[in-house]
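Chain residues, written in single-letter form:
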Amino acid sequence: MKLSKRRVIYLIAIVLITAMLSATVTILITNATKENEVVLSVEEYEALKEADMINEIMDRVSQLFIGEVPTREELLSAAANGILTGIGDEYAQYFTKAEYEEYLSKLNGEYSGLGILVSQLDEKGMEILDVYEGNPAANAGVQIGDYITAVDGESVFEHTHEEVTTALDGEVGSTVKLTILRTDGDGQETLDIEVTRDVVNIKRVYSSLYNERTGYIRITTFSQNSVTEFEEAIRNLKERGMKSLVIDLRDNPGGNLNAVVDIADMLLPACDIVTVEGKTEENGHVYKSDGTSLGVPIAVIVNENSASASEILAAAIQENDAGIVVGTQTYGKGVVQTFISVDSSQGWLKLTTDQYLTPNGNDIHKVGVTPDIVVELPDVLKGLSMTAIAKDYQAEDTQLWAALDYVREKASQNVGQ
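Residue numbering note: each chain is counted from 1, following its sequence as written. Two thresholds apply to this predicted model, a pLDDT of at least 70 for residue-level local features and 80 or more for giving and counting side-chain atom pairs, whereas whole-chain, interface and lining totals are computed over all residues. Hydrogens and water molecules were not included; the side-chain quantities draw on all heavy atoms of the structure.

Secondary structure elements are taken from DSSP: a helix is a run of H or I of four residues or more, a strand is a run of E of two residues or more, and numbering for both begins at the N terminus. One can find Val156 in the loop between strand 8 (154-155) and helix 6 (161-168). In this structure, the C-alpha to C-alpha distance between Val156 and Leu121, residues 35 residues apart in sequence, is 8.1 Å. We call two residues in contact whenever any of their non-hydrogen atoms come within 4.5 Å of each other. With sequence-adjacent residues up to four places away left out, Val156 is seen in contact with Leu121, Gly125, Ile148, Thr149, Ala150, Val151 and Val164.

To continue, consider the pattern of salt bridges. Any carboxyl oxygen of Asp or Glu that lies within 4 Å of a side-chain nitrogen of Lys or Arg is treated as forming a salt bridge with it. A complete count under the given rule lists eight salt bridges for this structure. Here Arg182 and Asp146 are joined by a salt bridge, their closest N and O atoms 2.8 Å apart. Placement of the pair is Arg182 in strand 9 (residues 175-184) and Asp146 in the loop between helix 5 (136-140) and strand 7 (147-151), with a sequence separation of 36 residues. A single burial state applies to Arg182 and to Asp146, both of which are buried. Lys288 serves as the salt-bridge partner of Asp272, at 2.6 Å between the closest nitrogen and oxygen. Residue Asp272 is found in strand 15 (residues 272-278), and its partner Lys288 is found in strand 16 (residues 285-288); the two are separated by 16 residues along the sequence. Buried means the residue's accessible area, taken with a 1.4 Å probe over protein chains only, is under 20% of the maximum for its type, while exposed means over 50%, and partly exposed covers the values in between. By relative accessible area, which is 54% here, Lys288 ends up exposed.

This brings us to the sheet that holds strand 18 (residues 324-327). Spatially, 12-13-14-17-18-21 is the arrangement adopted by the six strands of the open sheet, whose pairing is mixed. Two strands lie at the open edges of the sheet, namely strand 12 (205-210) and strand 21 (373-374), each paired on one side alone. Of the strands in this sheet, strand 14 (244-248), strand 17 (298-302) and strand 18 are in contact with helix 9 (residues 309-319), which crosses strand 17 at around 145°. For two strands to pair, DSSP has to find at least two bridges joining them. A fitted line through C-alpha atoms represents every axis, and for helices the fit uses only the stretch in contact; the resulting angles, taken between N-to-C directions, go from 0 to 180 degrees.

Look at helix 8 (residues 257-267) against helix 9: their axes get within 9 Å of each other, and the N-to-C directions meet at 25°. Taken together, helix 8 and helix 9 sit at an angle that is classed as roughly parallel. For helix 8 against helix 9, the interelement crossing comes out right-handed. On the side of helix 8, the interface is formed by Leu257, Val260, Ile263, Ala264 and Leu267, while helix 9 contributes Ala309, Ile312, Leu313 and Ile317. Considering only residue class, the contact of helix 8 with helix 9 consists of nine nonpolar, no polar and no charged. Convention used here: angles under 35 degrees read as roughly parallel, angles over 145 as roughly antiparallel, angles from 65 to 115 as roughly perpendicular, and any remaining angle as oblique. Crossing chirality is assigned from the near helix's rotation relative to the far helix, an anticlockwise turn below a right angle marking it left-handed and a clockwise turn marking it right-handed. Each residue receives one of three labels: charged for Asp, Glu, Lys and Arg, nonpolar for Ala, Val, Leu, Ile, Met, Phe, Trp, Tyr, Cys and Pro, and polar for the others, Gly being one of them.

On to the packing of aromatic side chains. Each Phe, Tyr or Trp ring (for Trp, its six-membered ring) is paired with any other whose centre lies within 6.5 Å, and the angle between the two planes then decides the class: stacked below 30 degrees, edge-to-face above 60, tilted in between. For the coordinates displayed, the defined rule picks out six aromatic pairs. Ring geometry for Phe95 versus Phe339: centroids 5.6 Å apart, planes at 55°, classification tilted. Here Phe95 is found in strand 3 (residues 93-95), whereas its partner Phe339 is found in strand 19 (residues 335-342), with 244 residues between them in sequence. The rings of Phe95, Tyr100, Tyr103, Phe339 and Trp348 are connected pair by pair, giving a single aromatic cluster. Here, a charge over a ring is recorded when the distance from Lys NZ or Arg CZ to the ring centre is within 6 Å and its angle to the ring normal is within 35 degrees. The ring of Tyr91 carries the charged tip of Lys333 above its face, separated from the ring centre by 4.5 Å.

It is worth spelling out the nonpolar core at this point. Counting 43 residues, the largest nonpolar core has Leu245, Ile247 and Leu267 as the members making the most contacts within it. For this core, the secondary structure elements donating two or more residues are strand 12, strand 13 (214-219), helix 7 (224-239), strand 14, helix 8, strand 15, strand 17 and helix 9. A total of seven residues in this core trace back to one element, the largest contributor, which is helix 8. Ignoring sequence-local partners within four residues, the contact set of Ile247 consists of Ile217, Ile219, Phe230, Leu267, Ile298, Ala299, Val300, Ile301 and Ile317. The set of buried Ala, Val, Leu, Ile, Met, Phe, Trp, Tyr and Cys residues whose side-chain atoms join them within 4.5 Å is what this entry labels a nonpolar core. Membership of the second largest hydrophobic core comes to 19 residues, among which are Leu114, Ala137, Val142 and Ile148.

Let's shift gears to helix 9. One full turn of an α-helix is made of 3.6 residues, so residues set three or four places apart face in the same direction. Counting buried positions along helix 9 yields 11 of 11 residues, so the element is predominantly enclosed. Those residues of helix 9 that fall on the buried side of the exposure criterion are Ala309, Ser310, Glu311, Ile312, Leu313, Ala314, Ala315, Ala316, Ile317, Gln318 and Glu319. On its buried side, helix 9 packs onto strand 14, helix 8, strand 15, strand 17, strand 18 and strand 20 (347-357).

Another point: a nonpolar patch on the surface. Within this analysis, patches are made of residues with over 30% relative accessible area and no salt bridge. Like charges are joined at 9 Å or less; nonpolar side chains (Val, Leu, Ile, Met, Phe, Trp, Tyr) at 5 Å or less. Residue burial considers only the protein chains on display, and all accessible areas are found by Shrake-Rupley using a 1.4 Å probe. Residues Phe65, Ile66 and Val69 make up a contiguous nonpolar surface patch of about 300 Å² in total accessible area. For Phe65, the position within the fold is in the loop between helix 2 (42-64) and helix 3 (72-86). Assessed through its relative accessible area of 32%, Phe65 is described here as partly exposed.

Here the focus is unusual backbone geometry. Phi at Asn211 is positive, roughly 55°, even though this residue is not glycine. Mapped onto the fold, Asn211 is located in the loop between strand 12 and strand 13. Phi is positive for Asp321, which is not a glycine, with a value near 55°. Looking at where Asp321 falls in the secondary structure, it is placed in the loop between helix 9 and strand 18. Note on Asp321: relative accessible area 72%, which makes it exposed.

What follows is the structure, given as structure tokens:
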């Protein structure tokens, strides 16, 4: 659903929210003396009237609205998202059944969309952190470092990160117009780029071996596919004689909690990985490593776009003394979202239900993880994607070299012991 259409639907949804909240009250119906009559309390009758108001508003929209009339499913979906907007949860979202299936496909690395990685929203828009080679956005001329300021003419500043990323995806063959702010040597320019959506295939884990001793693994996001790819990368590097490891989580926005726990479990000795507590884990659930550690020096590279699951892994390695963190302060997303089925519509509700604490009990929400070695990238590399830096600018990557120097020194010390 495009953002321009969504604005109309949200205006209607504001009217519906109160009625839908009241309509969730279960109405107890008791048979009266006559077979076709029921007895309701005053509260139950009022709730029934409010529920009927939803149908009346939808009828009036269908009959009188001058613009394109949304479907009933779209109106109900917008009303649900309107409720979530009202609670102030920036990560909350309602998914129809089809939208949820598409979300899962995207998380696992194959979906219909543009083939870009975007940052959280800031004052300039949503920065494009990566453009995946051979996919629609790359073919249309979208570049790393561009800022998306509007989607199909609708400003991104009027919507949440989740709403914008949902609007970027769509059916194969459909088009979307991106309004782009681009900065180059001649200043800034605003461009409108039309992209035709297609099937996007994305690899989540990349690995290599430096000097036949130091492993390097970059994880772009955490999904169940990431676990398999990471396990294969570790196996390959160990077979090739890896003595130390650098894990690159720069520009990794997070992902699946179970996925990052599985990856941490491959690296850490017996220890706590993360504690989750809140509505689904009232007494707190501690995720632990089983005690089989990787057994080599580890350094994790992070930056301001490393968030959520990335911060879980970085903090777990840092606070369990299994390695160090290198780079700059991380994003600071220390809350957990849960998907809850909505049986009446076969949809799904994504809701912030819990927070997570690091092994030492630290709440890093809106704070982030502080590196052991703080290293900035040189100005010439700022704004480039990690894909471009890893491919063409390794010699200038100060954060990578700081991590390599640390793990190599630790490995040489271990040999001498």
